[in-house]
Amino acid sequence: MEALLLGTGLLLGAYVLVYYNLVKAPPCGGIGNLRGRTAVVTGANSGIGKMTALELARRGARVVLACRSRERGEAAAFDLRQESGNNEVIFMALDLANLASVRAFATAFLSSEPRLDILIHNAGISSCGRTREAFNLLLRVNHIGPFLLTHLLLPCLKACAPSRVVVVASAAHCRGRLDFKRLDRPVVGWRQELRAYADTKLANVLFARELANQLEGTGITCYAAHPGPVNSELFLRHVPGWLRPLLRPLAWLVLRAPRGGAQTPLYCALQEGIEPLSGRYFANCHVEEVPPAARDDRAAHRLWEASKRLAGLGPGEDAEPDEDSQSEDSGAPSSLSTTHPEEPTVSQPYPSPQSSPDLSKMTHRIQAKVEPETQLS
């Protein structure tokens, strides 16, 4: 009996150590009042994205949930409005696997929203599932789609500078290795998927690094954020059904809740004083060093050029800073009190616009380039 009690005590002690050192996430601080500011969070209908959007809404931001499923996106927007008490949470359709959808989202956003202060790339996939495409679906959803969306929304980000871009990455980037000759080759089989997922997370880290270099001096800062080991839909989505009941209790014990996973992305989006660390990788709400492959500036620039080609960006759509939209202040987002127009996708009324940047200049630069439709199964 004594041995059993001793063993139980040791197990509990070990779990407490693991929980507080590896599982429990430090709480996010940062700016407390976001009224008058707008944030876009991709994949915000569940998991980390939904918790991130909830915290932004609680702080008073206007939050756009950019999701593929209209049904789930609108349901999440309703939940967040109820829980946060903030009626300015809306859904807009975005399918990152479809570049035409990315362009349509950007056009709709720039024509209806006067501000963009925070862009959080949270959406991602870990497997292709049953879908088979003629391209690398993991790369398209996890990197190319976010890359294109960032470029198309840059006019609004620059006009509202200081502003921030946060790319939700992963510690899996340490296992990534980009093969530029096979970058967009289709992925088949779970072994290739594991490798391709790590490659896309490396692409996320390199993208944040190169984006920070490209936008230096514009007032836009960029960060790669690792949410930690999180018990989210992404973890169990592609696990065989018979295995899920066995893994769920284990996941509950050793993985973070989505709210904990949202803390580092929120830190990167809201923490004041981290602007000099633009382009860096954050985990557990502090900056971390990355392996040599993730800080290779030549590889980052090469990925940038390859991504432009795969995203179908023309010469006139490059991310060159505009002198008339640069901001001298590269600090945290300023306290502005702009109100927002009515959003047609939500039934709740919103305040009418009082003052906003000139949108004609922004939307003129967005050309709707249509690609063949691709659907995720």
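Before any of the text, the structure's been laid out above.
A brief look at the structure comes next. (Residues numbered from 1 in each chain as written. Predicted model: local features only at pLDDT ≥ 70, side-chain atom pairs only at ≥ 80, totals over all residues. Heavy atoms only, no water.)

## Considerations on the overall build of the protein
Part 1 of the reasoning: The number of helices and strands found in the protein is twelve helices and eight strands.
Part 2 of the reasoning: Considering only contacts in the protein between residues 6 or more positions apart, those separated by 24 or more positions represent 81%.
Part 3 of the reasoning: When the accessible surface of the protein is summed, it comes to about 17,400 Å², and 54% of that surface belongs to carbon and sulfur atoms. (Helix = DSSP H or I, 4+ residues; strand = E, 2+ residues; numbered from the N terminus. Contact = heavy atoms within 4.5 Å. Areas by Shrake-Rupley, 256 points an atom, 1.4 Å probe, with all protein chains shown as cover.)

## With respect to helix 5 (residues 137-159)
Part 1 of the reasoning: Here helix 5 spans 32 Å end to end across 23 residues, near enough to the 33 Å set by a 1.5 Å rise per residue.
Part 2 of the reasoning: At Leu-153, helix 5 is bent by approximately 50 degrees, the largest bend along its length, and proline Pro-155 sits one to four residues beyond.
Part 3 of the reasoning: Counting buried positions along helix 5 yields 22 of 23 residues, so the element is predominantly enclosed. (Expected span 1.5 Å × (residues − 1). Bend = angle between axes of the 7 residues up to and from the residue. Buried < 20%, exposed > 50% of the residue type's maximum accessible area, 1.4 Å probe, protein only.)

## Thoughts on the sheet that holds strand 7 (residues 281-283)
Part 1 of the reasoning: Judged by pairing direction, the sheet is mixed, and its eight strands sit side by side in the order 3-2-1-4-5-6-7-8 without closing on themselves. Pairing within the sheet leaves two strands with one partner each, and these edge strands are strand 3 (89-93) and strand 8 (286-288). Strand-to-strand twist in this sheet, taken as the mean axis angle between neighbours without regard to direction, amounts to 25 degrees.
Part 2 of the reasoning: Direction of pairing for strand 5 (residues 163-168) relative to strand 6 (residues 220-226): parallel, over a ladder of six bridges. In the strand pairing of strand 6, Val-165 is matched with Cys-222.
Part 3 of the reasoning: Lying on the sheet, helix 4 (residues 99-112) is in contact with strand 1 (38-42), strand 2 (62-67) and strand 3; it crosses strand 3 at an angle near 140 degrees.
Part 4 of the reasoning: Those strands touched by helix 5 are strand 1, strand 4 (118-121), strand 5 and strand 6, and its axis lies near 175 degrees from that of strand 4. (Pairing = 2+ DSSP bridges. Axes fitted to C-alpha atoms, helices over the stretch in contact; angles between N-to-C directions.)

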